[in-house]
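Here is how the chains run, residue by residue.
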Amino acid sequence: MNKVKVGCVLFVIFTLSIFKVTAIEYFEEPQLQQKNTVKLAFLADIHLHDIFAPIAHTANIKRPTYLYTQQSLLIRSMYSQLHSTRLFNENYFVFIQALNELAAKNIKLVALPGDFTDDGQPINVKALARVLRHYEIRYGMRFFAIPGNHDPVKPFSVAGGKADFLAANGKEFGVYSHTHKKCLEHQAVCDDGLKLWGYKEILTTLNDFGFSQHKDDVLYETPYKNSAFSWCDPKNSKRCVTMADASYLVEPIEGVWLLAIDANVYAPQWENNPVTFKGSSGAGYNALIQAKPALLSWIKSVVKRAKTQNKALVAFSHFPMGDFYDGANEELHKLFSQGQFSLPRVPTPSTAKTLAETGLTLHFAGHMHLNDTALITANTGSQLVNVQVPSLAAYKAAYKVAELDINNATAKISTHTLENVPNFNNLFSIYETEWQFRNDNHLDNFDRSILASKNYNEFTKRHLFGLIQQRFLKRDWPKSLATWLNKNNDFSVWFNEMQCLDKVKPALLQSVKKLTTKAWLHDFYLLRNGDVSADVSTKQRVFYQNINTFIEQGDCNVKTPIQQHLALLIKVMAKFSTYTQGERFTVDLTTGEVT
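Each residue is numbered by its place in its chain's sequence as written, counting from 1. At least 70 in pLDDT is required for a residue's local features to be given in this predicted model, at least 80 for side-chain atom pairs to be given and counted, and no such filter applies to totals for whole chains, interfaces and linings, which use all residues. Excluded from the side-chain calculations are hydrogens and water; all other atoms, namely the structure's heavy atoms, are used.

Engineer: Is there a simple way to explain the pattern of salt bridges in this structure?
Structural biologist: Between side chains of opposite charge, a pair can form as their charged atoms come close. A pair is scored as a salt bridge if a Lys or Arg side-chain nitrogen falls within 4 Å of a carboxyl oxygen belonging to Asp or Glu. Under the criterion given, the structure shown has 25 salt bridges. In this structure, Glu 583 engages Lys 400 in a salt bridge whose closest nitrogen and oxygen atoms are separated by 3.8 Å. In this pair, Glu 583 sits in the loop between α17 (561–576) and β23 (584–588) while Lys 400 sits in strand β21 (residues 398–405), placing the two residues 183 residues apart along the sequence. Relative accessible area decides the class of each residue, using a 1.4 Å probe on protein chains only: under 20% of the type maximum gives buried, over 50% gives exposed, and in between gives partly exposed. On the accessibility criterion, Glu 583 (16% relative accessible area) is buried. Of the charged contacts in the structure, one is a salt bridge between Lys 461 and Asp 535, with a shortest N-O distance of 3.6 Å. Numbered from the N terminus, helices here are DSSP runs of H or I no shorter than four residues, and strands are runs of E no shorter than two.

The structure is reproduced here in structure tokens:
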């Protein structure tokens with residue numbers, strides 16, 4: 001595998017001001033005309049949570065109100081956000097900003113590669129539908145969604161809820177669906193808007209956004225009859241479940257085929273009665289190849305027909321089809337325990353090869369909340385380009401645009417970061433109250449400096465830095481290595497540990513002595529998430545590569561476990577920091593060649 005970095009519903013929508021959907025003038029949807037150049041946008045991992053959702057039975061809990069409208073808010077605590085790999089509240093504003101940008105750019109086709117809601121709760125799925133409907137009617141946009149592992153969390157509806165919503169005084173409170181244990185035991189606010197919907201309810205609510213044929217579609221098909229297949233117990237062929245699959249092929253404009261692949265795999269746990277299901281978060285295409293062979297055959301058929309009929313084919317799904325760690329998987333597996341650092345989510349070389357052999361040349365994915373592009377070569381001589389679309393709810397927030405040249409069968413890919421977002425800090429005063437409550441009650445607290453963020457990019461960066469200490473070092477990293485890093489904040493100590501500081505050349509040594517372990521960790525995660533768009537200078541990237549070159553010369557001792565870990569980290573950092581392609585590139589849709 002080769003790697004390339006490339007680089008009458010009351011609802012409030014935010015632009016530069018606030019308005020209600022009921023006040024919007026509705027226009028007849030413009031017809032999408034055939035043209036030689038078509039732009040597609042990809043918004044991944046929105047994780048939308050409706051911060052204005054109405055919740056019943058909260059009379060005894062005063063909720064915070066939105067400053068500009070005095071509406072009651074249903075927001076998660078900042079403390080909880082700083083322990084999660086995604087934001088829960090501010091991504092609401094970012095989603096609206098992204099859609100406003102697409103409307104201003106006159107982009108009419110928008111794909112959502114999964115995790116478009118927080119956890120598939122009714123309040124959030126319905127909110128998503130209202131937002132999409134507004135932009136569809138107002139701007140003539142078409143939306144094409146495909147589920148991720150958060151929508152649904154499980155294939156069939158189950159009880160759900162969250163424990164960390166904020167009251168007006170800064171205290172957390174829980175809201176759960178009525179059949180949840182906490183509601184059955186009368187321990188929480190209860191509202192079925194917080195249950196975890198399954199496929200049936202989600203696809204029904206979002207039916208018009210890719211999950212059914214539109215009147216203007218030239219072509220629409222699904223791989224399975226009734227969008228479902230039978231999954232049977234390998235030990236008892238008569239014991240089966242009907243499993244939904246939301247995949248579809250649509251031709252919204254003459255000559256453009258969008259292939260939406262439902263790559264979720266919710267493996268039945270047959271040993272349980274009634275049968276339960278594993279989540280899909282760590283499954284992806286490694287599991288799909290075995291679980292959905294008919295889907296793979298259908299994809300091959302679609303590719304073959306697209307070539308025969310000269311269609312511009314672009315695929316998207318929630319899960320990556322290729323490596324997203326810049327060729328550093330071998331080193332990362334040596335560093336991190338099984339299951340850590342999201343390594344099980346990386347498609348194996350065999351899986352990636354199988355996907356490339358379908359003949360697909362361009363695929364957009366989400367799930368990983370990072371920016372990256374991989375090239376996977378097929379035996380046929382073509383290659384599959386897997387483009388990782390960053391999340392709107394994490395650093396570095398961005399969306400991708402593919403400009404299709406139908407006549408020449410090419411796609412120009414570009415990345416659009418969301419650094420300045422109107423209203424992103426509108427909830428900060430509420431978080432200040434939360435911080436004070438936690439401080440007064442001697443609770444574990446968050447670093448309030450995040451509330452000084454001047455823009456959304458700085459906010460997500462500080463969020464990421466908080467996660468390093470609050471989550472990543474504690475959960476992902478080997479305990480001995482994390483302890484050593486926390487004790488040794490001077491980067492020069494790394495080379496003392498490897499007994500080679502005196503051998504570092506003076507020009508390099510000066511930079512080594514200026515760097516701290518904390519700053520190194522910050523850059524490590526900035527590069528992992530942001531790739532070529534990360535806020536790390538070219539000079540600093542070159543420094544990291546030069547340090548690795550020095551280590552590879554063999555002047556350092558790498559015998560003890562700590563020494564080996566430090567050398568591996570330096571090698572991974574060099575791979576993370578290498579530029580091999582810019583954030584704008586072109587893909588030949590026939591061969592997969594990148595220029």
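Engineer: Which parts of the structure should I look at to understand helix α12 (residues 479–487)?
Structural biologist: The α-helix winds at 3.6 residues per turn, so residues separated by three or four positions along the chain end up facing the same way. Where α12 is concerned, the buried positions are Leu 481, Ala 482, Trp 484 and Leu 485. Across the axial projection of α12, the buried residues extend over an arc of 160°, all falling on one side. Opposite the buried face of α12, by more than 90 degrees, sit the exposed residues Lys 479 and Lys 487. A contact between two residues is defined here by any heavy atoms of the two lying within 4.5 Å. Residues of α12 that are buried make contact with α8 (329–335), α11 (456–475), α13 (492–497), α15 (517–530) and α17. What the arc describes is the spread of directions from the helix axis to the C-beta atoms.

Engineer: What should I look at first to understand unusual backbone geometry in this one?
Structural biologist: Across the chain, the bulk of peptide bonds are trans and the bulk of non-glycine residues have phi less than zero. A cis amide bond links Asn 273 to the next residue, Pro 274, at an omega of 5°. The backbone of His 186 shows a phi angle near 60°, a positive value even though the residue is not glycine. Relative to the assigned elements, His 186 resides in the loop between α4 (181–184) and β9 (189–190). One non-glycine residue with positive phi stands out, namely His 367, at about 80°. Examined against the element boundaries, His 367 turns out to sit in the loop between β18 (362–365) and β19 (372–377).

Engineer: Can you help me understand the nonpolar core in this one?
Structural biologist: Soluble globular proteins tend to bury their nonpolar side chains together. The biggest cluster of nonpolar side chains holds 133 residues, and the ones touching the most others in it are Leu 43, Phe 95, Leu 259, Phe 316, Leu 360, Leu 362 and Phe 364. Setting aside residues no more than four positions away along its own chain, Phe 95 makes contact with Leu 43, Ile 46, Leu 48, Leu 128, Val 131, Leu 132 and Leu 392. By nonpolar core we mean a set of buried residues, namely Ala, Val, Leu, Ile, Met, Phe, Trp, Tyr and Cys, connected to one another through side-chain atoms within 4.5 Å. If you look at the next biggest cluster of nonpolar residues, it comprises 56 residues, including Ala 328, Val 346, Met 368 and Leu 508.

Engineer: Where do I start with the sheet that holds strand β5 (residues 109–113) in this structure?
Structural biologist: Backbone-to-backbone hydrogen bonds pair the strands of a sheet. The strands run either parallel or antiparallel. Ordered in space as β6-β5-β4-β21-β22-β23, the six strands form an open sheet in which the pairing is mixed. Each end of this open sheet is capped by a strand with a single partner; those strands are β6 (142–146) and β23. Each strand axis lies, on average, 25° off the axis of its neighbour in the sheet, ignoring direction. Pairing between two strands is assigned when DSSP locates at least 2 bridges connecting them. Both β21 and strand β22 (residues 410–417) contribute to a ladder of eight bridges, which runs antiparallel. Opposite Ala 398, over in β22, you have Thr 417 as the bridge partner. Axis angles are defined between N-to-C directions and span 0 to 180 degrees, where every axis is a line fitted to C-alpha atoms and, for a helix, only to the segment in contact. Of the strands in this sheet, β4 (37–42), β5, β6 and β21 are in contact with helix α2 (residues 91–104), which crosses β21 at around 25°.

Engineer: Help me understand the packing of helix α16 (residues 538–552) against α17 in this model?
Structural biologist: In a pair of packed helices, the angle between the axes and the distance between the axes together describe the arrangement. Contact geometry of α16 with α17 gives a least axis separation of 8 Å together with a crossing angle of 135°. Judged on the interaxial angle alone, α17 and α16 are oblique. Classified by chirality, the crossing of α17 by α16 is left-handed. Each of Tyr 544, Gln 545, Ile 547, Asn 548, Ile 551 and Glu 552 in α16 lies in contact with α17, whose residues at this interface are Ala 567, Ile 570, Lys 571, Met 573 and Ala 574. For this classification, the nonpolar set comprises Ala, Val, Leu, Ile, Met, Phe, Trp, Tyr, Cys and Pro, the charged set comprises Asp, Glu, Lys and Arg, and every other residue, Gly included, is treated as polar. Taken together, the residues of the contact of α16 with α17 break down into seven nonpolar, two polar and two charged. Any angle from 65 to 115 degrees is called roughly perpendicular, while one under 35 is roughly parallel, one over 145 is roughly antiparallel, and all others are oblique. A clockwise turn of the near helix away from the far one marks a right-handed crossing, whereas an anticlockwise turn of less than a right angle marks a left-handed crossing.

Engineer: Please clarify how the side chain of Ser 453 should be interpreted in this entry.
Structural biologist: Summarising the element assignment, Ser 453 is placed in the loop between α10 (428–440) and α11. The residues contacting Ser 453, other than those within four sequence positions of it, are Phe 424, Phe 428, Glu 458, Phe 459 and Arg 462.

Engineer: Hey, could you run me through the state of the cysteines in this one?
Structural biologist: Each disulfide consists of one covalent bond between the sulfur atoms belonging to two cysteines. In plain terms, two cysteine sulfur atoms within 2.5 Å form what is called a disulfide here. Taken as a whole, this structure holds three disulfides when the rule is applied. The disulfide partner of Cys 183 is Cys 190, and the S-S distance across this bridge is 2.1 Å. For the disulfide bridge between Cys 183 and Cys 190, the dihedral angle about the S-S bond is near -120°, and by the sign convention the bridge is left-handed. Exposure class is identical for Cys 183 and Cys 190. Each is buried. Shown here is the disulfide that connects Cys 500 with Cys 556, its sulfur atoms set 2.0 Å apart. Residues Cys 500 and Cys 556 are joined through a disulfide that is right-handed, its torsion about the S-S bond being 85°.

Engineer: So what exactly am I meant to see when it comes to the pairing of strand β14 (residues 256–261) here?
Structural biologist: Every regular strand shows the same layout, with side chains that alternate between the two sheet faces. Among the six residues of β14, six are classified as buried, and the element is accordingly described as predominantly covered. Between strand β13 (residues 248–253) and β14, which follow one another and run antiparallel, lie two residues, and Gly 255 among them has a positive phi close to 100°. Note: β14 against strand β17 (residues 312–317), six bridges, orientation parallel. Within β17, the residue paired with Leu 258 across the bridge is Val 314.

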